[in-house]
Amino acid sequence: MHPVIEFYLEQRKSQHNLSLQDMWAMPKRMVGDAYLYIPWLLPVTESSKWNRSVPVFNEEDLAIFIGDEAIQNKYLHSIDFILDYFCLYRGDNKIFPKPELSERKVWLRNIGHESKKISRIIRSLNYCGHPELAKSLQQLAIKLGQEKGVIQEETIGIWTNLLNMAKCNEMM
């Protein structure tokens, strides 16, 4: 069985010896500053160019992950946990900004690769059976990036094309 599936079934720990519960209990600040949770909480189907040793899904793994209701519930809890750091929340199959975000001048910090983490969340949602949530976050990220930000135009372009690129990868 795939390591991330075992992780979500709480049958194994990450390479950093953290359980799913441990990751959910991380201080909020770690979501912005750390990377160790990303491959475990936000699975995708291709390896990172920065770390080729992280587990990625093949089609069979993805089908198991998407088809297991308990895993999906835990996955969405992980999404909620991560979105909370970014001052966002999930409701009715959409992503919304929390009211306190309106008081902030800047949405994402220019450290910790926060914009790349948003990209990873969008990709993971899309691959893991939640394309509507992926699209909602994509649209909101572009809007917030333009309204509240230090987000580079290149990043806005990446977010704009991210789901189109995923479709191209699926067709290959």
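Residue numbering note: each chain is counted from 1, following its sequence as written. Side-chain atom pairs in this predicted model are given and counted only at pLDDT of 80 or more, local residue features only at pLDDT of at least 70, and totals for whole chains, interfaces and linings cover all residues. No hydrogens and no water enter the side-chain calculation; it runs on all heavy atoms of the structure.

On to the confidence of the model for the protein chain. Confidence of the predictor at the level of single residues is captured by pLDDT, which takes values from 0 to 100. In this model, the protein chain carries a mean pLDDT of 87, and residues with pLDDT of at least 70 account for 90%. Contact between two residues is taken to exist if any of their heavy atoms lie within 4.5 Å; hydrogens are not considered. Low pLDDT, under 50, characterises residues 167–172; the stretch is placed with three contacts to residues that sit more than four places away or in other chains.

The next thing to look at is helix α8 (residues 131–147). Each α-helix winds once per 3.6 residues, and so residues spaced three or four apart point in a common direction. Taking 1.5 Å per residue, 17 residues should reach 24 Å; α8 reaches 24 Å between its end C-alpha atoms and fits that length. To sort residues, take the accessible area from a 1.4 Å probe on protein chains only and compare it with the maximum for the residue type: under 20% means buried, over 50% means exposed, and anything in between is partly exposed. Each helix corresponds to a stretch of at least 4 residues labelled H or I by DSSP, and each strand to a stretch of at least 2 residues labelled E; elements are numbered beginning at the N terminus. Along α8, the residues classified as buried are Leu133, Ala134, Ser136, Leu137, Gln138, Leu140, Ala141, Ile142, Leu144 and Gly145. Any helix carries an expected span of 1.5 Å times its number of residues minus one.

For the rest of this paragraph, the subject is helix α6 (residues 69–85). Its 17 residues place the ends of α6 25 Å apart at the C-alpha level, agreeing with the 24 Å of an ideal helix rising 1.5 Å per residue. Every buried residue of α6 is listed here: Ile71, Gln72, Tyr75, Leu76, Ser78, Ile79, Phe81, Ile82, Leu83 and Tyr85. The N-terminus of α6 is capped by aspartate 68, whose side-chain oxygen sits 3.0 Å from the backbone nitrogen of alanine 70. Remark: cysteine 87 follows α6 within two positions and exhibits a positive phi of approximately 65 degrees. By the criterion applied in these results, polar contacts are pairs of N or O atoms within 3.5 Å in which, for protein atoms, one can donate a hydrogen and the other can accept it, and in which residues neighboring in sequence qualify only through two side-chain atoms.

Once that is clear, we can look at the environment of leucine 162. Its location among the elements puts leucine 162 in helix α9 (residues 153–171). Since its relative accessible area comes to 5%, leucine 162 is described here as buried. Sequence separation of leucine 162 and isoleucine 79 is 83 residues, and the distance between their C-alpha atoms is 18 Å.

Let us look at the packing of aromatic side chains. Classification of ring pairs uses Phe, Tyr and Trp, with its six-membered ring standing for Trp, and accepts pairs whose centres are within 6.5 Å; under 30 degrees between planes counts as stacked, over 60 as edge-to-face, and the remaining range as tilted. Here the structure, examined in full by the defined rule, presents nine aromatic pairs. Here a set of aromatic residues connected by ring pairs shows up, and it is made of Phe7, Tyr8, Trp40, Phe57, Phe65 and Tyr75. The criterion for a charge sitting over a ring is simple: Lys NZ or Arg CZ within 6 Å of the ring centre, and within 35 degrees of the ring normal. Across the ring face of tyrosine 35, the terminal group of lysine 117 is positioned such that the distance to the ring centre comes to 4.6 Å.

Moving on, we get to the nonpolar core. Counting 51 residues, the largest nonpolar core has Leu41, Phe86, Leu88, Trp107 and Trp159 as its most contacted members. Breaking this core down by element, the ones donating at least two residues are α1 (3–8), α2 (20–24), α4 (38–41), α5 (59–67), α6, α7 (114–127), α8 and α9. The dominant element in this core, judged by the number of residues it contributes, is α6, at eight residues. When near neighbours in sequence (up to four residues on either side) are disregarded, leucine 88 contacts Leu83, Ile95, Phe96, Pro97, Lys98, Leu101, Trp107, Leu137, Leu140 and Leu144. Side-chain atoms within 4.5 Å are what join buried Ala, Val, Leu, Ile, Met, Phe, Trp, Tyr and Cys residues into a set we call a nonpolar core.

Quick look at the side chain of serine 19 now. Relative to the helices and strands, serine 19 resides in the loop between α1 and α2. According to the relative accessible area criterion, serine 19 is buried, its value standing at 17%.

Before going further, it helps to examine the environment of tyrosine 8. Note on placement: tyrosine 8 falls in helix α1. Distance in space between the C-alpha atoms of tyrosine 8 and leucine 20 is 6.6 Å, their sequence separation being 12 residues. With near-sequence residues (within four places) excluded, tyrosine 8 lies in contact with Leu20, Trp40, Leu41, Phe65, Ile71, Lys74, Tyr75 and Ser78.

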